Amino acid sequence: MKYGQAGFMFIEVMVAMSIIALVAAATTMSIFQMASTTDRSNGYMTAVRQVQNAGYWISQDAQMAESVSTDNLTPPNILVLKWTDWGYDTDSVYHSVTYSLENVSDGIGELKRTHQDSEGANEQMLVAQDIYYDPSDPDNATQASYEGRVLTVKLVAMSGGTEEVREYKVYTRPEF
């Protein structure tokens, strides 16, 4: 702009508008990136918590198990563990824990633990949600197998578009 003229030239207005548009676009992209990263992180952390919680409960029960069943179970059951707490001053207590995948929709369901014992306990609890289970996809889905005192459990959780896979190998109680 020359000295003594009033207002702005068209080119100056266009340059200013272009700079404002670039700053607004960069700000919008940054906000969108932060929001999508947060959603992915939340989904990942949810999936990790689910497989860790399931792994904890299954490991605790399997370490006490004298009997493990993974084959020929009726769906939705995927694992049955049994053990005895031998009583010295009282009667022995016989335990049975069944892990089942329930409320499965599009391959995603809830892992539930049902504990029964000879003293009358009959408790069911939700162990994990968002567990992927598809019997026709055994390579990629949650599954359990037992061989030579070693229980192998592969847990797959899907949440928020992310997937977490963990494999647990647990040695069962030695025979005496």
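See the structure shown above.
Residues numbered from 1 in each chain as written. Predicted model: local features only at pLDDT ≥ 70, side-chain atom pairs only at ≥ 80, totals over all residues. Heavy atoms only, no water.

(A) Highlighting the overall build of the protein chain. The secondary structure content of the protein chain amounts to one helix and eight strands. Shown N-terminal to C-terminal, the secondary structure of the protein chain runs as helices and strands in the order α-β-β-β-β-β-β-β-β. Expected size for 176 residues packed as a compact globule is a radius of gyration near 16 Å; at 28 Å, the protein chain overshoots this value by more than 25%. Along the first, second and third principal axes, the C-alpha atoms of the protein chain reach 105 × 40 × 25 Å. Within the protein chain, the fraction of its 176 residues that count as buried is 34%. Taking the contacts inside the protein chain whose residues are at least 6 apart along the sequence as the reference set, 39% of them involve residues at least 24 apart. Carbon and sulfur atoms form 55% of the exposed surface of the protein chain, whose accessible area is close to 11500 Å². Here the protein chain holds 11 positive side-chain charges and 23 negative ones, and the gap between their average locations is 9 Å. (Helix = DSSP H or I, 4+ residues; strand = E, 2+ residues; numbered from the N terminus. Rg over C-alpha atoms; globule rule 2.2 N^0.38 Å. Buried < 20%, exposed > 50% of the residue type's maximum accessible area, 1.4 Å probe, protein only. Contact = heavy atoms within 4.5 Å. Areas by Shrake-Rupley, 256 points an atom, 1.4 Å probe, with all protein chains shown as cover. Lys, Arg positive; Asp, Glu negative; His and termini not counted. Charge placed at Lys NZ, Arg CZ, Asp CG, Glu CD.)

(B) Inspection of the packing of aromatic side chains at higher detail. On inspection of all chains with the given rule, the structure shows two aromatic pairs. Each ring, one from tyrosine 56 and one from tryptophan 57, has its centre 5.6 Å from the other, and the planes form 80°; the classification is edge-to-face. Since its relative accessible area comes to 46%, tyrosine 56 is described here as partly exposed. (Phe/Tyr/Trp six-rings, centres within 6.5 Å; stacked < 30°, edge-to-face > 60°.)

(C) Representation of the environment of threonine 172 within the structure. Along the chain, threonine 172 falls in the segment after strand 8 (162–171). For the pair threonine 172 and glutamine 63, spaced 109 residues apart in sequence, the C-alpha to C-alpha distance is 4.6 Å. Residue contacts for threonine 172: discarding those within four places in its chain leaves Ala62, Gln63, Ala65, Val68, Tyr146 and Arg149. A distance of 3.2 Å separates the side chain of threonine 172 from the side chain of tyrosine 146, its partner in a polar contact. (Polar contact = N/O pair within 3.5 Å; in protein donor to acceptor, adjacent residues only side chain to side chain.)

(D) The nonpolar core, seen in detail. Among the nonpolar cores identified, the biggest contains 25 residues, and Ile58, Leu79, Leu81, Tyr99, Leu111 and Leu151 are the most heavily contacted of them. Those elements that place two or more of their residues in this core are helix 1 (10–64), strand 2 (77–85), strand 3 (93–105), strand 5 (122–132) and strand 7 (150–159). Sorting elements by how many residues they give to this core places helix 1 first, with five residues. Sequence-distant contacts of isoleucine 58, defined by excluding residues within four places in its chain, comprise Leu79, Leu81, Tyr99, Leu111, Leu151, Val153 and Leu155. (Core = buried A, V, L, I, M, F, W, Y, C linked by side-chain atoms within 4.5 Å.)

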